[in-house]
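# Geometric and topological summary
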Amino acid sequence: MALDPIVWALKDAPVADCIERLVLAIYAEHADEDGANAFPSYKTVAQRAMTDRRTVIRRVQDLIERGLLAEGDPAAATAIPQRYRPKVYDVMIPYSWWGPAAVERINTYRAGRGRAPITPTTRPDIDQPPARAPRADTGRSRTGQQCLVDTAAEPAQGCL
């Protein structure tokens, strides 16, 4: 576990909502110092994010489409038996996020593990997430709302 991927996921990653941020942070927690080789199972991520496994799968696909996650090297999980082996992902921390000293440190780390160095081409900046749609029920009164007032008194404003 390395701190840099977690900090990026929690503070600077352009995610669409809180579930995406949490899923990305869980992958970042399991990643190497450079964001590579995160392979928690969907079940583990779902348990830790307190959400459904299908939700995790959909969010991971969204993160891949927007460039925050990428499929990693499956050889990283070879210690796990084939039938239980989860997919390996890389947390795609942009090159511009790292400072010059950090880039040198990360590239030295990657070279020691036989990986190519990170560059602006291999780790491009990530676009902002799509704008959230406004709520469909904005401005509508609530129907069937329970009023907590004395029935003999006049009903409270907004209660039916």
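Above this note sits the structure.
What counts and what doesn't
- Residues numbered from 1 in each chain as written.
- Predicted model: local features only at pLDDT ≥ 70, side-chain atom pairs only at ≥ 80, totals over all residues.
- Heavy atoms only, no water.
- Helix = DSSP H or I, 4+ residues; strand = E, 2+ residues; numbered from the N terminus.
- Buried < 20%, exposed > 50% of the residue type's maximum accessible area, 1.4 Å probe, protein only.
- Contact = heavy atoms within 4.5 Å.
- Areas by Shrake-Rupley, 256 points an atom, 1.4 Å probe, with all protein chains shown as cover.
- Salt bridge = Lys/Arg side-chain N within 4 Å of Asp/Glu carboxyl O.
- Phe/Tyr/Trp six-rings, centres within 6.5 Å; stacked < 30°, edge-to-face > 60°.
- Expected span 1.5 Å × (residues − 1).
- Polar contact = N/O pair within 3.5 Å; in protein donor to acceptor, adjacent residues only side chain to side chain.

This next bit is on the overall build of the protein chain. In terms of helices and strands, the protein chain carries five helices and two strands. When the helices and strands of the protein chain are placed in sequence order, the string is α-α-α-α-β-β-α. Taking all 160 residues of the protein chain together, the buried fraction comes to 35%. Pairs at least 24 apart in sequence give 57% of the contacts found in the protein chain among residues at least 6 apart. Per element, the accessible surface of the protein chain, about 10,300 Å² overall, is 53% carbon and sulfur.

For the rest of this paragraph, the subject is the pattern of salt bridges. Within this structure, the stated rule accounts for eight salt bridges. Residue arginine 59 pairs with aspartate 17 through a salt bridge whose shortest N-O separation is 2.6 Å. In this pair, arginine 59 is assigned in helix H4 (residues 53-66) and aspartate 17 in the loop between helix H1 (3-12) and helix H2 (18-30), connecting sequence segments 42 residues apart. In this structure, glutamate 20 and arginine 66 form a salt bridge, with 2.7 Å as the shortest nitrogen-oxygen distance. Of this pair, glutamate 20 sits in helix H2 while arginine 66 is found in helix H4, placing the two residues 46 residues apart along the sequence. Taken together, the salt bridges that share partners define one network made up of Asp32, Asp34, Arg110 and Arg115.

This part is about the packing of aromatic side chains. Considering all chains together, one arrives at two aromatic pairs under this definition. Between tyrosine 27 and tyrosine 89 the ring centres are 5.5 Å apart and the planes differ by 85°, which places this aromatic pair in the edge-to-face class. Residue tyrosine 27 is located in helix H2, and its partner tyrosine 89 is located in strand S2 (residues 89-91); the two are separated by 62 residues in the primary sequence. Judged by relative accessible area, tyrosine 89 falls into the buried class, the value being 1%. Relative to tryptophan 98, the ring of tryptophan 97 lies with its centre 5.3 Å away and its plane at 80°, an arrangement referred to as edge-to-face. Given a relative accessible area of 26%, tryptophan 97 falls into the partly exposed group.

Right, let's talk about H4 for a bit. With 14 residues, H4 ought to run about 20 Å at 1.5 Å a step, and its terminal C-alpha atoms sit 20 Å apart, in line with that. Turning to H4, the residues buried within the fold contact H2, helix H3 (42-49), strand S1 (69-71) and S2. Residue aspartate 52 occupies the N-cap position of H4, its side-chain oxygen lying 3.1 Å from the main-chain nitrogen of arginine 54. Trailing H4 by a residue or two, glycine 67 shows a phi angle of about 90°, which is positive.

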